[in-house]
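Examination of the molecular architecture
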Amino acid sequence: MSRTNRTGLAAILAGVVLGSIGLMGAGPPPTPVFEQYGGIIKGTTKDALTGRLLSNVKVGIATTENATEFFAEVTSDANGHYETPGLMKGVYYLNYSRQGYIKVKNVKAELLDEGTEVGVADVVMTTALGDGQFRIVVSWTEYSSDAVADVDSYLAIPGVSTPLYYGNKGINYYGTFLDLDDTSWAGPETTTIRQLYPGVYTFYVNNYNRRTDWWALGQSEIKVVVYRGDELVKTYFVPQGQGLTYALFNIVDGQVVDIEQWDNDLWTH
Ligand SMILES: [Ca+2]
């Protein structure tokens with residue numbers, strides 16, 4: 001995830017207000033929090049359904065995956081921003097929670113250099129869904145000269161010739177909704193399946209606005225998170241590669257099945 005390694009974003013994100021910091025556990029290191037270390041991880045938290053910045057998200061920071069205790073915890077402020085205390089270089093796993101929302105665990109962020117490096121970990125969260133309902137959240141890079149500004153989501157529905165896409169957003173389309181269609185960087189772009197029918201659904205993303213550049217989609221740092229009911233089922237990343245359309249997964253009888261292939265034969269508009 002090169003995004004987390006990007007430096008020089010401090011200016012863009014200036015004005016971040018540090019949330020409450022709780023340092024857990026007394027005694028000497030191994031805590032990697034030291035004021036003299038200038039490295040931090042910061043980011044924004046957003047709501048998948050409204051796209052708005054989300055305050056009061058607790059962000060627990062650990063040095064291992066699946067941690068149940070965190071060496072530090074901060075809270076996103078009224079502008080949805082959070083920022084960790086100073087950290088030594090290393091790999092960190094961030095865990096996001098908020099009342100009524102599905103937990104997002106193990107978001108990896110890496111600080112490669114000791115010093116003033118700023119890692120960025122932006123996260124989109126969703127409220128819990130009903131049993132058997134799905135929500136698919138696409139997010140991607142902020143402005144980048146070699147990436148796609150308008151990534152589009154497509155959901156092929158069993159027995160329906162035209163997929164769910166921006167042309168039928170905001171309506172109940174065979175039990176599915178394109179809740180949010182983002183056209184200018186970052187996302188979120190959000191799809192919800194409220195009524196799941198038998199058969200095979202296919203979810204894919206497309207390069208809408210930069211079609212002459214077949215590498216751009218794979219350079220857009222696209223992340224696709226799948227939620228079912230009250231849990232996060234799977235997180236996908238679109239890899240570097242050549243193509244205008246990338247297929248992520250099928251949903252078959254309520255199960256998410258990986259595809260993860262470039263496929264320019266899928267229907268797009
Ligand atoms: Ca879009």
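Quick caveat, the model's predicted, so the values are computed rather than measured. (Residues numbered from 1 in each chain as written. Predicted model: local features only at pLDDT ≥ 70, side-chain atom pairs only at ≥ 80, totals over all residues.)

Topic: the nonpolar core
If you look at the biggest cluster of nonpolar residues, it comprises 65 residues, and the most contacted ones within it are Ile61, Leu94, Met125, Val138, Val205, Val224 and Leu248. A domain split of this core shows at least three residues from each of domain 1 (2-125) and domain 2 (134-262). Contacts of Met125, omitting those with residues within four sequence positions, involve Thr45, Asp47, Ala48, Leu54, Val57, Tyr96, Arg98, Tyr101, Ile102 and Val104. (Core = buried A, V, L, I, M, F, W, Y, C linked by C-beta atoms within 7 Å. Buried ≥ 20, exposed ≤ 12 C-beta atoms within 10 Å, placed from the backbone. Domains from an automatic or database assignment. Contact = placed C-beta atoms within 7 Å.)

Some thoughts on the pairing of strand 14 (residues 200-207)
Extensive coverage of strand 14 is indicated by the burial of 7 of its 8 residues. Relative to strand 14, strand 11 (residues 151-156) runs antiparallel, the two sharing 6 bridges. When the bridges of strand 14 are listed, Tyr154 appears paired with Tyr204. With 7 bridges joining them, strand 14 and strand 17 (residues 245-252) adopt antiparallel strand pairing. From the neighbouring strand, Val200 faces strand 17, where its bridge partner is Val252. (Helix = DSSP H or I, 4+ residues; strand = E, 2+ residues; numbered from the N terminus. Pairing = 2+ DSSP bridges.)

Structural notes on the sheet that holds strand 17
Across the sheet, 4 strands lie side by side as 11-14-17-18; this open sheet has antiparallel pairing. In this open sheet, the two strands that pair with only one neighbour each are strand 11 and strand 18 (255-262). For this sheet, the mean inter-axis angle between neighbouring strands, taken without regard to orientation, is 20°. Here strand 17 runs beside strand 18; their pairing, made up of 6 bridges, is antiparallel. In the strand pairing of strand 18, Ala247 is matched with Gln261. (Axes fitted to C-alpha atoms, helices over the stretch in contact; angles between N-to-C directions.)

Observations concerning the sheet that holds strand 12 (residues 176-180)
One open sheet accounts for 5 strands, arranged 12-13-10-15-16; its pairing is antiparallel. Bordering the open sheet on either side are strand 12 and strand 16 (231-237), each of which pairs with just one other strand. When strand polarity is set aside, the average angle formed by the axes of neighbouring strands in this sheet is 15°. Looking at chain direction, strand 10 (residues 134-139) and strand 13 (residues 189-193) are connected through 5 bridges and run antiparallel. Within the sheet, the bridge partner assigned to Val137 lies in strand 13 and is Thr190.

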